[in-house]
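Residue-level listing of the chains:
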Amino acid sequence: MSHTLVDTLLLKLTALLAQIGATADNHLWLGYSGGMDSELLAYTLARFRETHPKTPYQISLVHVHHGLSRNADAWAAHCRQRAEHYGLNFVLRKVQLELGPRVSIEAEARRARYQAIAEQLNPGDILLTAHHQDDQLETLLLALKRGQGPKGLAAMGQAQHLALISRAEGAPCWQLRPMLDSSRAQIEQAVASLELPYINDESNQDTQYDRNFLRAEVIPVLKQRWPSIATTASRSAALCAEQQLLLDEVSAEKLQPLLGRCRFSGVRVLDSAGLKVLSPKWQAQLLRQFIQMQRLPLPAQVQLQQALAQLLDAREDAQLELSFKGLLLKRYGQQIYAMAPLPGAAFQLLDGVGSVEDVAAKNSKLTLSQKQLQALSQGQSLSVGLTSPWQRLELTLADSGPRVALAQVMAPLMASLSAPQLASLSASIGAKVQPSDTAVAPELVIGLKGSYRCQPHNRDKGRELKKLWHELGVPPWLRDRVPLLMQNGRLLALAGGFVERSALASGAEPGIVLKLVAEATP
């Protein structure tokens, strides 16, 4: 029986890898607790490597140390020893759980475990887990308990994109469950026949945890009455998955005309006016799909309905923000935004020149050093790391397009140069630069007051900054996050927006361009 099951698992794993188009370039990772189920899958992976010498997959076992049991260190040592026995790579990850009132230990341990594993994976990597048919039944029963719809009742698939890993660039990561058609009884028999040593986690006997309660108290009774219930429940889950796929296809077609991009940041937005004319059920479905498109957690059904009412009924000039766990829903104008909570705004020099300076407070700044100014004048770019929704700010030298005249920002450097050096630098930048003892170094600033009066290079008259933010389509919550280049208290340029007319380079005069590079978005 054991060899029959292992042979079946080898065939299933081979088929799943072929289904997703895996090659030897894809690293296989096993989430390895050392328990009975993952022990059998580790044994199977060792056999798989022996039987596939022409496709030398790199295979690693990753064990997550949660620190919840006094036996956790011994379990980690056991897993390491078994990995060495199988001749497979071993990785140990220790996690710190964020526990507190009303926090489920089960859910938090799962979150921390998958997060730790996700940090090990590169694009295209494949995670194997030892979920089996009885786990599928538990998952389905828990979904019913939570009142979930077809998506939740679809439970676990044999081959799925790894949802907890958000990758907008590169190949997706996969999660494969080759044991999903195998019953707990089959696995127990196989492990006993092969005499595989495995860990017995004492917490599995604690029925205060929902899964343990189902496993110990509920499922045995169900199986006594209906012996094939795990098989038939898996079939129901598969049917729900098919229905969900069809719903997703139709929803994607209805959602597409309502999608757009923020004019300034480029992030995905949803048209509230187009959403409002649909039926309430489609409103809820499309908002859910929009949130999931950003790889963000969904609010509860009641919360979603309340959010829809506020998002769609708010005045056009309202600046609405709704906060849920791990999710912010905002509206600006006719556009709905879904995003993770924004971290504190910060500058971080990425070119190795200078130091890191947090700028969480308004009117904070990052002063450009003489070394950085000199590098810019010589054609080197300066990269400054930013927080969401941008990845970085790039300062580069250009001789065309709107740009800040290099001669203006170079004045602080000139005071330290000799006459020959000054003449040489003036010649190299194509403009005569006069040294100034009173000039100060340019600064990158966040949080300039909206009442500050500007005159963009493409306008004949000046306007207050708060009105220019609106013209540029910058949502209010981003306005204190957009870098501004200033010198002597005077605005030179707004990154991604405009150059102050008085600082604009003319003709072929070299100047500095400030370019915002956005994060990769779905």
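Residues numbered from 1 in each chain as written. Predicted model: local features only at pLDDT ≥ 70, side-chain atom pairs only at ≥ 80, totals over all residues. Heavy atoms only, no water.

### With respect to the packing of helix H5 (residues 133–145) against helix H8 (residues 210–225)
Cut-off, in case you're wondering: In this analysis an axis means a line fitted to C-alpha atoms, helices contributing only their contacting stretch, and an angle means the value between N-to-C directions, from 0 to 180 degrees. For the purposes of this entry, the term helix denotes a DSSP run of H or I that reaches at least four residues, the term strand denotes a run of E that reaches at least two, and both are numbered from the N terminus. We call two directions roughly parallel when the angle between them is under 35 degrees, roughly antiparallel when it is over 145, roughly perpendicular when it lies between 65 and 115, and oblique otherwise. Pairs of residues are marked as contacts when any of their non-hydrogen atoms sit within 4.5 Å.
Where H5 meets H8, the closest approach of the two axes is 10 Å, and the angle between their N-to-C directions is 105°. Classified by the angle between their axes, H5 and H8 sit roughly perpendicular to one another. Across from Asp134, Asp135, Leu137, Glu138, Thr139, Leu141, Leu142 and Lys145 in H5, the residues of H8 making contact are Asp210, Arg211, Leu214, Arg215, Ile219, Leu222 and Lys223.

### Some remarks on the nonpolar core
Here is the rule we go by: We define a nonpolar core as any set of buried Ala, Val, Leu, Ile, Met, Phe, Trp, Tyr and Cys residues linked to one another through side-chain atoms lying within 4.5 Å. Burial status follows relative accessibility: with a 1.4 Å probe on protein chains alone, a residue under 20% of its type maximum counts as buried, one over 50% as exposed, and anything between as partly exposed.
One finds Leu393, Leu395 and Leu514 to be the most contacted residues of the largest nonpolar core, which totals 47 residues. Of all hydrophobic cores here, the second largest spans 40 residues; its members include Leu61, Trp75, Ala83 and Ile126.

### Some details on a nonpolar patch on the surface
Going by this rule: Note that patches include only residues with greater than 30% relative accessible area and no salt bridge, and the join distances are 9 Å for like charges and 5 Å for nonpolar side chains (Val, Leu, Ile, Met, Phe, Trp, Tyr). Areas reported as accessible are Shrake-Rupley estimates using a 1.4 Å probe. Residue values count occlusion only from the protein chains shown. What counts as a salt bridge is simple: a side-chain nitrogen of Lys or Arg found within 4 Å of a carboxyl oxygen of Asp or Glu.
A contiguous nonpolar surface patch, about 310 Å² in accessible area, is contributed by Leu68, Leu99, Val103 and Ile105. Among the structural elements, Leu99 can be located in the loop between strand S3 (89–94) and helix H4 (105–118).

### Comments concerning the packing of helix H2 (residues 36–51) against helix H3 (residues 72–86)
To keep things clear, this is the line we draw: Take the far helix as the reference: if the near one is turned anticlockwise from it by less than a right angle, the crossing is left-handed, and if turned clockwise, right-handed. Polarity classes work like this: nonpolar for Ala, Val, Leu, Ile, Met, Phe, Trp, Tyr, Cys and Pro, charged for Asp, Glu, Lys and Arg, and polar for all others, with Gly in that last group.
Contact pair H2 / H3: the axes reach a minimum separation of 10 Å and the direction vectors enclose 25°. By the angle between their directions, the pair H2 and H3 is classed as roughly parallel. Of the two elements, H2 crosses H3, and the hand of that crossing is right-handed. Between H2, through Glu39, Ala42, Tyr43, Ala46 and Arg49, and H3, the contact on the second element is made entirely by His78, Arg82 and Tyr86. Within the contact of H2 with H3, the residues separate by chemical class into 4 nonpolar, 1 polar and 3 charged.

### Regarding the environment of Trp282
Looking at the element boundaries, Trp282 is found in helix H11 (residues 280–293). When its relative accessible area of 25% is taken as the criterion, Trp282 is described as partly exposed. For the pair formed by Trp282 and Leu255, sequence separation is 27 residues and the distance between their alpha carbons is 9.6 Å. When sequence neighbours within four positions are dropped, the list of residues in contact with Trp282 reads Leu247, Val250, Ser251 and Lys254.

### Observations regarding helix H9 (residues 229–255)
We count it as follows: A helix's residues, less one, multiplied by 1.5 Å, set its expected span.
If you check H9, its first and last C-alpha atoms are 37 Å apart, about what 27 residues at 1.5 Å a residue would give, namely 39 Å. All of the buried residues along H9 are Ile229, Ala230, Ala233, Ser234, Ala237, Cys240, Gln244, Ser251 and Leu255. For H9, the elements touching its buried residues are H5, helix H6 (150–153), H8, strand S7 (259–261), strand S8 (268–271) and H11.

### Focus: the packing of aromatic side chains
Which entries qualify depends on this criterion: Two aromatic rings from Phe, Tyr or Trp, using only the six-membered ring of Trp, form a pair when their centres are within 6.5 Å; if the ring planes differ by under 30 degrees the pair is stacked, by over 60 it is edge-to-face, and anything between is tilted. Working rule: Lys NZ or Arg CZ, within 6 Å of ring centre, within 35 degrees of ring normal, means a charge sits over the ring.
What the rule picks out here adds up to 3 aromatic pairs. Look at Phe48 and Tyr57: their rings are 5.8 Å apart centre to centre, the planes differ by 45°, and that puts the pair in the tilted class. Each member of the pair, Phe48 as well as Tyr57, carries the same accessibility label: buried. The cationic tip of Lys254 hangs over the ring face of Trp282; the distance from NZ or CZ to the ring centre is 5.0 Å.

### Examining the side chain of Ser272
Position of Ser272 relative to the elements: it lies in helix H10 (residues 272–276). Assessed through its relative accessible area of 3%, Ser272 is described here as buried. For Ser272, the contacting residues outside a window of four places in its chain are Leu312, Arg331, Gln334, Gln335 and Ile336.

### Observations concerning the side chain of Arg403
How we decide: Charge counting treats Lys and Arg as positive and Asp and Glu as negative, with His and both chain ends excluded. Here a polar contact means two N or O atoms within 3.5 Å. Within protein one must be a hydrogen donor candidate and the other an acceptor candidate, and residues neighboring in sequence count only if both atoms are side-chain atoms.
Note on placement: Arg403 falls in the loop between strand S16 (390–398) and strand S17 (404–405). One buried charged side chain, Arg403, makes no salt bridge at all; its nearest oppositely charged neighbour is Glu509, positioned 6.2 Å away. Here the side chain of Arg403 touches Gly401 through a polar contact of 2.6 Å, landing on its backbone oxygen. Here the side chain of Arg403 touches Glu509 through a polar contact of 2.7 Å, landing on its backbone oxygen.

### Quick look at the sheet that holds S3
We count it as follows: Here a strand pair is declared whenever DSSP counts at least two bridges between the two strands.
Pairing is mixed across the open sheet formed by 6 strands, whose spatial order is S3-S2-S1-S4-S6-S5. Since the sheet does not close on itself, it has two edges, and those belong to S3 and strand S5 (159–161), each with one partner. Each strand axis lies, on average, 25° off the axis of its neighbour in the sheet, ignoring direction. Sheet topology places strand S4 (residues 126–128) next to strand S6 (residues 174–176); 3 bridges connect them, and they run parallel. For Leu128, the partnering residue across the bridge sits in S6 and is Leu176. Across the sheet, H4 touches strand S1 (28–31), strand S2 (59–65), S3, S4 and S6, and the angle it forms with S2 is around 145°.

### Some remarks on the sheet that holds strand S10 (residues 327–332)
Sheets are built from strands that pair by backbone hydrogen bonding, the pairs being arranged parallel or antiparallel. Taken in spatial order, the 5 strands make up an open sheet running S7-S8-S11-S10-S9, and their pairing is antiparallel. Unpaired on one side and paired on the other, S7 and strand S9 (319–324) mark the two borders of the sheet. Going from strand to strand, the sheet's axes swing by 30° on average, the running direction of each strand aside. Relative to strand S11 (residues 335–339), S10 is paired through 5 bridges, and the arrangement is antiparallel. Counterpart to Leu329 in the pairing with S11 is Ala338. Sheet contacts for H11: S7, S8, S10 and S11; angle to S8, the most-contacted strand, approximately 175°.

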